Structures are given as structure tokens and as C-alpha cells.
Amino acid sequence: MLDNIRWDADLIRRYDLSGPRYTSYPTAVQFHEGVGPFDMLHALRDSQKAGRPLSLYVHIPFCANICYYCACNKVITKDRGRSAPYLARLIHEIEIVSRHLGRGQVVEQLHFGGGTPTFLSPGQLRELMGQLRTHLHLLDDDSGDYGIEIDPREADWSTMGLLRELGFNRVSLGVQDFDLEVQQAVNRLQSLDETRAIMDAARTLQYRSINIDLIYGLPKQTPSRFADTVEQVIGLQPDRLSVFNYAHLPERFMPQRRINTADLPSPGQKLEMLQRTIEQLSEAGYRYIGMDHFALPDDELASAQEDGTLQRNFQGYTTHGHCDLVGLGVSAISQIGDFYGQNSTDISHYMSSLDNGQLATRRGLHCSKDDRVRRAVIQQLICHFQLDFEAIEESLNIDFRGYFADIWAELERFAADGLIKLDQRGIDVTPAGRLLVRTLCMLFDHYLPTQSLQRFSRVI
Ligand code: SF4
């Protein structure tokens, strides 16, 4: 078992609830339509005044094929011509946004996600990066963290060469499972060789970090088949691994209706898959970073966790939490200081807003003082598994025990059950509690009692 986590089947059975992943607090469920383009412009100007560095997220929604488990905002089309009108609006959005930001604001982090970013042609990728460099202050000495999601079925050596030339130095590869029957059941046929070829290209071209995404809980998966996939992935030696729990919510996500419920593994099998995955990764030298994420000990995420600088935002765990996050493209979310704004999730509305010369911000919120307090507590627990009362009291000007008096009995129950250690000084999440840190964070979530937990995946 990894030295920083311990599998406790009894605790997992009792505390494995459905809950948010806390890539933000408040979560996107709380966003409301009282926030629009004007608020976004205001936030951008505040960012400029503060001169904070930037993290950009660019959403490319197109995919040539549908994966049945998908819960992303995407447009499935074989018509490559669909990307040109979208790209024109994206460039218009970059122009508008950049007018309100300063040239001194360095883009420390950039991430292209989707959808499938390489659905864009080489010429379109070149054009998009050129526009970003023209309008914003991108680094050109390879010192930024510039990443892109790659579907190995939609990329080859020349794609990887082009992306490296354009400034990308990190890649995240979707794999999910290498078993053929599982791949057929989710309509995503992707061989180990195809994936290995992209990894070889990334290594040869000196990308700094390679991430692989896996999903457990897919149809036709069994503990032993999934263990084979994990073994094959370990053989590829990615720097980071994301191992997500599949949440089957066919009433919310149409493509999931094509999954045969009878083919899904049982909750017991899913737990076994996760337990074996943790054991396999542990033996292979990976470290548990936190919810769903593992990394080799020399990876930046592991170092940031050690030196206390790790943070979490819409891009998952990050070493760039001090940056303002600006989301570009349909459905993209921005986090600028205490402001959250999300673009329209409807591509027609997104494009028509930009045609009218307006940003497409459709929902969002401004954090209250209480949101800021709870956000800081949740961030600290989810990234570092410990909370120092004095530090948080000083930075937020609160009396911790008084502020959270209503959940104190629950915290004591968590401590009695061995998920945390609780004393005058603070909270330490025990190795057995770390896998369940989301359940602990849920205690501090002011909004949760009013939400339906059905919309969230289970903690494990
Ligand atoms: S999982 Fe990824 S590649 Fe598959 S349909 Fe969804 S966005 Fe596209």
C-alpha cells in the first residue's frame, strides 16, 4: 500500500457517499444566471489591476466519435469543417478578453481540453496559438506549463512534433481501459500500440510530463481485467495518472444510455478494482496525491504537495493556484479572484454572443466571505490532508472552533472513527481517511444540505 494511504474497508463502506470533486468551492452547481459578460469584464479588469499571472483553459468541443461513458461538453461530428466557424469565435473571444488584461500578466499555465483539441487541423492549431501569442503574454522559453489533452486515435508523431513546436510541453492521454471487450462496450477502440507510439513521441520530443487517464467502473470491467490494464499502463511509465470512478448517470448524460446497465461491475467489484490499482501503483513507486490522482515522486505535483504549495482548481490539482484562471470557448469556466464565470454550454449561443461583440459568460457567482472561509478550509484539506487552526484563523480572521461549532460533533465522530486526528492545534487526515477526504470536505460545504447528491459521483 502507498505509505501515505491505508485501505480500510469498514471505513470506506461507512463513509463512501456521493459528493462533489471540489475543483471549486462553491461548486459549479451554485452558479446562477445573475452573472453575465459585464461581471466577467469587471473581473478581468480587477485581474489586470492586481497584475496576477494567468492560467488559460481553451475548450475545443469537437470529437469524431462518441465514447458512451462521456460526460463532457462536446459536439460529435465527422465534418471537420465545423471547426472553422468555432475557431473564428474563439479568436474573437481572445481579442475581447485580452483588451481587459495587461501585457505584464504572464501566462504561466495553458491547457487545451475538450472534446478533442487535435480535431483542429495543424493549420488551425498554428493559427490559434499564434493568436494567443499575439494578444496575450505567453512564455516562449519553454518555462510555462503548457498542456494539451490527446486522444491517441487522433494524433501521430507529426501532430506531437507540431504541438511541441507550438510550445506545448505536457500531454494528457485518454486511455480508460485497454481491454478489447470493455473498449467495445464503451465504443472507444484504442490499442496499446497506438498509445505507446504517442508516448514514445512525447518522450523523444522532450515533453516534460505525460499524464494518462483511466476509468474504473466501466461496462465489462472485472477486477482482474482492470488489473491487466493498470499493469500495461505502468509499463508505459506515465509521470501522472488519473484514475476516475465512472458515475453512471444516464438520465443526465445521453451517451450513457447506450451502456447496458447489466454489464456494469458491482460496487464490490469497483472497490476491489480501486484497491488493487492502489496496490499496483504503490509497488510501481507512484504516490497518492489526492482524489483520483497519482504521480511519480519526482513529479512537480508530488513536490508541491511536500512543500505546501499544491492547490486545486477546475484543472484538477495544480501548482498554479496563484494565477487567475481564464476559460475560453464553449462551457469554459473562469476563476478570477473571488469571481467564477462560466461561458454558455450551448455552442450556438456561445457563437452568437461573440458575433454580437459580447463575451458568452452565462452563469457564475461572486464568493461571499463565508464562501472564502470554506474554500480555504476545503483547499487545505484536499491538497495537504491537514489544517492548522492558527494559520487559518490568522489568514481569515475567524475563530475556527466558534465558526464551525455546528459541525464540531461530526468532526469528533470522524476522529473517533479514525478518519482524522483532531486536537487543539488542528486536523490531520489519517492514512485511512485520505481516500475519503471528499467526505470530510463535504462537512464544510454550506450548500450541500440543499442539493441532491444524486448529481455527484460516489467518493470512491
Ligand atoms: S470521452 Fe473525450 S473523446 Fe470521448 S466523446 Fe467524450 S470528449 Fe470526446
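No experiment lies behind these values; they were computed from the predicted model shown.

**Quick word on the pattern of salt bridges**
Working step 1: Counted under the stated rule, the structure contains 27 salt bridges.
Working step 2: Residue R80 is joined to E154 by a salt bridge in which the shortest nitrogen-to-oxygen separation is 3.2 Å. Placement of the pair is R80 in the loop between strand 3 (75–76) and helix 3 (83–99) and E154 in the loop between strand 6 (145–150) and helix 5 (157–166), with a sequence separation of 74 residues.
Working step 3: Of the residues examined, R80 reaches a relative accessible area of 39% and is grouped as partly exposed.
Working step 4: Among the ionic pairs, D370 bridges to R374, the shortest N-O distance being 2.9 Å.

**Some remarks on the UniProt feature "binding site: [4Fe-4S] cluster" (unreviewed entry) in the protein chain**
Working step 1: Annotation from UniProt places "binding site: [4Fe-4S] cluster" (unreviewed entry) at C63, C67 and C70.
Working step 2: Relative to the helices and strands, C67 is located in the loop between strand 2 (62–63) and strand 3.
Working step 3: Judged by relative accessible area, C67 falls into the buried class, the value being 9%.
Working step 4: Ignoring anything within four residues of it in the chain, the contact list for C67 reads R153, V186, N187, R188 and P255.
Working step 5: Locating C70 in the fold gives a position in the loop between strand 2 and strand 3.
Working step 6: For C70, a relative accessible area of 12% translates into the label buried.
Working step 7: Setting aside anything within four residues of it in sequence, one finds C70 in contact with F253, P255 and Q256.

**Digging into the nonpolar core**
Working step 1: Counting residues in each nonpolar core, the largest one holds 126 residues, and the members touching the most others are L110, F112, L132, F168, F400 and F444.
Working step 2: It is helix 3 that contributes the most residues to this core, seven residues altogether.
Working step 3: When residues of this core are sorted by domain, at least three fall in each of domain 1 (1–26 + 368–460) and domain 2 (28–328).
Working step 4: Beyond its immediate chain neighbours, meaning those up to four positions away, L132 contacts L56, V58, I94, L110, F112, L138 and L328.
Working step 5: Membership of the second largest hydrophobic core comes to eleven residues, among which are V186, Y246, I259 and L264.

The rules behind these values
Residues numbered from 1 in each chain as written. Predicted model: local features only at pLDDT ≥ 70, side-chain atom pairs only at ≥ 80, totals over all residues. Heavy atoms only, no water. Salt bridge = Lys/Arg side-chain N within 4 Å of Asp/Glu carboxyl O. Helix = DSSP H or I, 4+ residues; strand = E, 2+ residues; numbered from the N terminus. Buried < 20%, exposed > 50% of the residue type's maximum accessible area, 1.4 Å probe, protein only. UniProt positions renumbered as here; feature names shortened; annotations may be inferred. Contact = heavy atoms within 4.5 Å. Core = buried A, V, L, I, M, F, W, Y, C linked by side-chain atoms within 4.5 Å. Domains from an automatic or database assignment.

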